[in-house]
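Spelled out from the first residue to the last, the chains are:
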Amino acid sequence: MAGSSCCSFGYTYCPDVCPTTLAELKVVMEKLNGQADKVQVVFVSVDPGRDTSEEMQKYIERFSPSFIGLSGSEEELAPIWDDYGVFREVVERTSETNYIINHTARVTLIDQNGNMRLSYGFQTPPEDIAHDIEILLNQ
């Protein structure tokens, strides 16, 4: 049986929300009582202008070597953002490479069949997410 996924969107230059979310997802994985190998955490860039695939993977591995970081061109990522209802807006631009991106701060739980099952707001307790994942894995 294929596993489930926790998908989050963000960027490597994010000053607060993204590192917090990824740290919380690390805690989620630690709370899965031996089932973490059945769950894949995926972090998808909302900043293709700065986040190369290599930079995304290097960044995400600071949280866990099992996490996957994905990037691509804006043309490749835009349909994914749309499918997941991800809002993104470049703000506070001081130069071509120095800017902040406001973006949707949610974690989406995807079941073994690839269906979006649950969506969690920023700072949902890791215990709650782990509990839901365990239920989903045991269905």
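This text follows the structure it describes.
Residues numbered from 1 in each chain as written. Predicted model: local features only at pLDDT ≥ 70, side-chain atom pairs only at ≥ 80, totals over all residues. Heavy atoms only, no water.

Engineer: Any chance you could explain the environment of Gln 112 here in plain terms?
Structural biologist: With respect to the helices, strands and loops of the structure, Gln 112 is situated in the loop between strand E6 (106–110) and strand E7 (116–121). Once the C-alpha coordinates of Gln 112 and Gly 3 are considered, the two residues, 109 residues apart in sequence, prove to be 5.0 Å apart. One polar contact links the side chain of Gln 112 to the main-chain carbonyl oxygen of Leu 136, over a distance of 3.2 Å. (Helix = DSSP H or I, 4+ residues; strand = E, 2+ residues; numbered from the N terminus. Polar contact = N/O pair within 3.5 Å; in protein donor to acceptor, adjacent residues only side chain to side chain.)

Engineer: Looking at this structure, how should I read the packing of aromatic side chains?
Structural biologist: In the structure shown here, the tally under the stated rule is 3 aromatic pairs. Each ring, one from Phe 9 and one from Tyr 84, has its centre 5.2 Å from the other, and the planes form 55 degrees; the classification is tilted. Of this pair, Phe 9 sits in strand E1 (residues 4–10) while Tyr 84 sits in the loop between helix H3 (74–83) and strand E4 (88–91), placing them 75 residues apart in sequence. A relative accessible area of 27% means that Tyr 84 is categorised as partly exposed. Here a set of aromatic residues connected by ring pairs shows up, and it is made of Phe 43, Tyr 59 and Phe 63. Taking the ring centre of Tyr 13 as reference, the NZ or CZ of Arg 50 above it sits at 4.2 Å. We note Arg 50 situated over the ring of Tyr 99; from NZ or CZ to the ring centre the distance is 3.7 Å. (Phe/Tyr/Trp six-rings, centres within 6.5 Å; stacked < 30°, edge-to-face > 60°. Buried < 20%, exposed > 50% of the residue type's maximum accessible area, 1.4 Å probe, protein only. Lys NZ or Arg CZ within 6 Å of the ring centre and 35° of its normal.)

Engineer: Would you explain the nonpolar core in this entry?
Structural biologist: For soluble globular proteins, nonpolar side chains are generally found buried alongside one another. Among the nonpolar cores identified, the biggest contains 37 residues, and Cys 6, Leu 25 and Ile 133 are the most heavily contacted of them. For this core, the elements supplying multiple residues, two or more each, are E1, helix H1 (17–30), strand E2 (39–45), helix H2 (53–60), H3, E6 and helix H4 (126–137). Element by element, the count of residues in this core is highest for H1, at 6 residues. Excluding residues within four positions of it along the chain, Cys 6 makes contact with Leu 25, Val 39, Gln 40, Val 41, Val 42, Val 107, Thr 108, Leu 109 and Ile 133. (Core = buried A, V, L, I, M, F, W, Y, C linked by side-chain atoms within 4.5 Å. Contact = heavy atoms within 4.5 Å.)

Engineer: For this particular structure, what's the right way to read the sheet that holds E1?
Structural biologist: Hydrogen bonds along the backbone pair up the strands of a sheet, which may run parallel or antiparallel. One open sheet holds the 5 strands; their spatial order is E3-E2-E1-E6-E7, and the pairing between them is mixed. Sheet topology places strand E3 (68–70) and E7 at the edges, where each strand pairs with a single neighbour. Each neighbouring strand pair of the sheet contributes to a mean axis angle of 25 degrees, computed without reference to strand direction. The sheet contact formed by E2 and E3 spans 3 bridges and is parallel. Paired with Phe 43 across the two strands is Gly 69, which belongs to E3. Taken strand by strand, H3 contacts E1, E2 and E7, and its axis lies near 120 degrees from that of E2. (Pairing = 2+ DSSP bridges. Axes fitted to C-alpha atoms, helices over the stretch in contact; angles between N-to-C directions.)

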